[in-house]
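Chain and residue survey
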Amino acid sequence: MGDLLLVRHGETEWSLSGRHTGSTDIPLTDRGREQARKLAPLVARHHIAAAFVSPMQRARETASLAGVDGAVVDADLSEWDYGGYEGITTVEIHRSRPDWFLFTDGVAAGPPEHPGESPDEVGTRAERMLARIDAALAESEGSVVVFSHGHFLRVLTARRLGLPAQAGALFQLGTGTMSRLSTEHRRHVVAGWNVRPDAYCSHGPLSPAGQGPTEH
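Scoring rules and cut-offs
- Residues numbered from 1 in each chain as written.
- Predicted model: local features only at pLDDT ≥ 70, side-chain atom pairs only at ≥ 80, totals over all residues.
- Heavy atoms only, no water.
- pLDDT = per-residue confidence, 0-100.
- Contact = heavy atoms within 4.5 Å.
- Phe/Tyr/Trp six-rings, centres within 6.5 Å; stacked < 30°, edge-to-face > 60°.
- Core = buried A, V, L, I, M, F, W, Y, C linked by side-chain atoms within 4.5 Å.
- Buried < 20%, exposed > 50% of the residue type's maximum accessible area, 1.4 Å probe, protein only.
- Helix = DSSP H or I, 4+ residues; strand = E, 2+ residues; numbered from the N terminus.
- Pairing = 2+ DSSP bridges.
- Axes fitted to C-alpha atoms, helices over the stretch in contact; angles between N-to-C directions.

In the predicted model, the chain carries a mean pLDDT of 93, and the fraction of residues at 70 or more is 92%. Every residue in residues 201-208 scores below 50 in pLDDT, and together they form 11 contacts with partners more than four places removed in sequence or on other chains.

Further remarks concern the packing of aromatic side chains. One pass over the structure, following the stated rule, counts 4 aromatic pairs. Ring geometry for Phe101 versus Phe103: centroids 5.8 Å apart, planes at 50°, classification tilted. Pairwise contacts between aromatic rings join Trp80, Phe101 and Phe103 into one cluster.

Turning our attention to the nonpolar core. Leu4, Val144 and Val146 are the most contacted members of the largest nonpolar core, which has 33 residues in total. Of all the elements in the fold, those that place two or more residues in this core are β1 (4-8), β2 (48-53), α5 (102-105), α6 (119-138), β4 (143-148) and α7 (150-160). With 7 residues, the single largest contributor to this core is α6. If we ignore the near neighbours within four places in the chain, the residues touching Leu4 are Leu130, Ile133, Val144, Val146, Leu156, Arg160, Ser179, Arg180 and Leu181. Judged by nonpolar contacts, the second largest core, of 15 residues, contains Leu39, Ala66, Val68 and Met178.

A few words on the pairing of β4. Among the 6 residues of β4, 6 are classified as buried, and the element is accordingly described as predominantly covered. Neither face of β4 is open: one carries Ser143, Val145 and Phe147, the other Val144, Val146 and Ser148, and all of them are buried. The sheet contact formed by β1 and β4 spans 5 bridges and is parallel. By the bridge assignment, Val7 is partnered in β4 with Phe147. Bridge count for β2 against β4 is 5 bridges, and the pairing is parallel. Across the sheet, residue Ala50 finds its bridge partner in β4, namely Val144.

Adjacent strands of a sheet form backbone hydrogen bonds with each other and so pair up, either parallel or antiparallel. Sheet architecture is open: 6 strands sit in the order β3-β2-β4-β1-β5-β6, paired in mixed fashion. Whereas interior strands pair on both sides, the edge strands pair on one side only; in this sheet they are β3 (72-73) and β6 (187-195). α7 contacts β1, β4, β5 (177-184) and β6 of the sheet and is inclined by roughly 160° relative to β1.

And the structure:
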């Protein structure tokens, strides 16, 4: 079975400022576009059998700039529905809820069109997506790449490893990075995590992406 490649889209104005960005469809910054272009040689190291992308323009543009055309748009790759916390930073939320933590507490209720999701609801979406990914992997010896969002990909990783959705908290993920989930002795493992192209040399990964705001 091939690998599962996870690409978080490049920088946006809201990811830069730490604002939770779920349903708000904002574009990449110029730096975000450059991050996406630099991913192209990293993705090209792999034989890509199938590609999936979130419907948000920041993910679709990242896929295109990274050299992946024809990715299947799948709504299950959308970011966490932040409900009433859309566009708000963690610092702002902590002013009224000092102990709030997304991966355990979920979000405040939002409008009917975006009511918000619990961690388990995001986990259910991740499981549906993993079923489609596994079907694509079974049909080819190549790898599958997905272009999505920070918090969703963290939950998807947790579920891939057999962990609860809340364990996504353990997997920090920067913008413009690629991670690789593989298998060892028929068990799912993390083979590479949070890697930017400039962390690579001819011998492989040197270091993970730097620290920074984790909201999408």
